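Now for the letters of each chain:
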Amino acid sequence: MTPIIGVTGCYQVFPSPLFHTVERYYINRSYLDAVKLNGGLPLPIPILDDPEHMETYLDMCDGLLLPGGWDVDPALFGEDPHRKLGVVQPDIDRYEIELLQLAFKKKMPILGICRGEQVINVAKGGTLFQDIHEQSESETLLHQQTYRGSIGIHRITVEEGSLLSEILGSTEARTNSMHHQAVKDCGEGLVVTARTSDGIVEAIESTDRTIIGVQWHPELLIHTQEEMNGLFNYFIHEMAMEYRRGKCST
Ligand code: MN
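Report on the accompanying structure. Note that the structure is a prediction, hence the values are computed from the model and not measured.

**Things to note about the pattern of salt bridges**
For the coordinates displayed, the defined rule picks out twelve salt bridges. Notably, a salt bridge pairs Asp-93 with Arg-115, separated by 2.8 Å at the nearest N-O pair. Of this pair, Asp-93 sits in helix α3 (residues 90-106) while Arg-115 is found in helix α4 (residues 115-123), placing the two residues 22 residues apart along the sequence. Using a relative accessible area of 1% as the deciding quantity, one classes Asp-93 as buried.

**Quick look at the side chain of Ser-16**
Position of Ser-16 relative to the elements: it lies in the loop between β2 (10-15) and β3 (21-26). Sequence-distant contacts of Ser-16, defined by excluding residues within four places in its chain, comprise Thr-21 and Val-22.

**Some remarks on the layout of surface pockets**
Its volume calculated, the largest pocket comes out at about 260 Å³. Taken together, 18 residues line the largest pocket, and the ones lying closest to its centre are Gly-69, Cys-114, Met-178, His-179 and His-217. Among the secondary structure elements, those contributing two or more residues to the lining of the largest pocket are α1 (29-37) and α4. When the residues that make up the lining of the largest pocket are grouped by side-chain class, the tally is five nonpolar, ten polar and three charged. Space inside the second largest pocket adds up to approximately 170 Å³. Lining the second largest pocket we find Lys-107, Pro-109, Leu-163, Arg-209, Thr-210, Tyr-234, Glu-238, Met-239, Glu-242 and Tyr-243. Counting residues per element, the lining of the second largest pocket draws most heavily on helix α7 (residues 226-249), which supplies five residues.

**Considering the environment of Arg-94**
For Arg-94, the position within the fold is in helix α3. For Arg-94, a relative accessible area of 42% gives the class partly exposed. Considering only alpha carbons, one finds Arg-94 and Val-119, 25 residues apart in sequence, at a separation of 9.5 Å. Once residues within four sequence positions are removed from consideration, Arg-94 is found in contact with Asp-73 and Leu-76.

Calculation rules
Residues numbered from 1 in each chain as written. Predicted model: local features only at pLDDT ≥ 70, side-chain atom pairs only at ≥ 80, totals over all residues. Heavy atoms only, no water. Salt bridge = Lys/Arg side-chain N within 4 Å of Asp/Glu carboxyl O. Helix = DSSP H or I, 4+ residues; strand = E, 2+ residues; numbered from the N terminus. Buried < 20%, exposed > 50% of the residue type's maximum accessible area, 1.4 Å probe, protein only. Contact = heavy atoms within 4.5 Å. 1 Å grid on protein atoms, 1.4 Å probe; cavity = no way out; pocket = protein on both sides within 12 Å on 5 of 7 lines; lining within 4 Å. Points joined across faces, edges and corners; volume = space filled by probe spheres on them. Nonpolar A, V, L, I, M, F, W, Y, C, P; charged D, E, K, R; others polar.

Here you go:
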């Protein structure tokens, strides 16, 4: 029984010398490799606008992985764009949120990474800092490292008793950091499980333990920090496997 992990992608439009423009939907290899390495079968989910097609994809999945990507449209949490807001793709946000709503109903295990964590929070009615450096009250650390992502740059403190602390086997960790947005207020049923010393939220999870969101990129740390590979291992072998067993028994 190989758990199937649905993975959403990133969207890019760019000029092409051959065509007017090229529209590309892609998934960074590191996410797919992390799923495969830990015994899962990654299933790329394309941009869909029909809920029926979304259901069809989700019915095939035992877990859902939302990867990193562009900024989230602040209109989705009732704000106008801050001047430091980066690239937003409102139609992609809406597609991911619609897919998430269906996955929430199924109580499907979800792992959100970077933007993925933020989209989960917004889908649950939470808010984001559009730019942590401009909008956070505290003086922020460096959260956009300029060195390779396989090396952690800042420390995080993990909430004792959280699912994340159990998976990492510690209330402290060192993580990479490639973001300028972060969770501000948690959405319904979500709690903060890790922060950096400047108070920025670095992880969230649902109180029913079906959703984990991390602000860093564990997929880039799987070969350098064993506990980060453990995060994928737990998601696939415990959470997705349990979901699959539940599906098979009904
Ligand atoms: Mn960070």
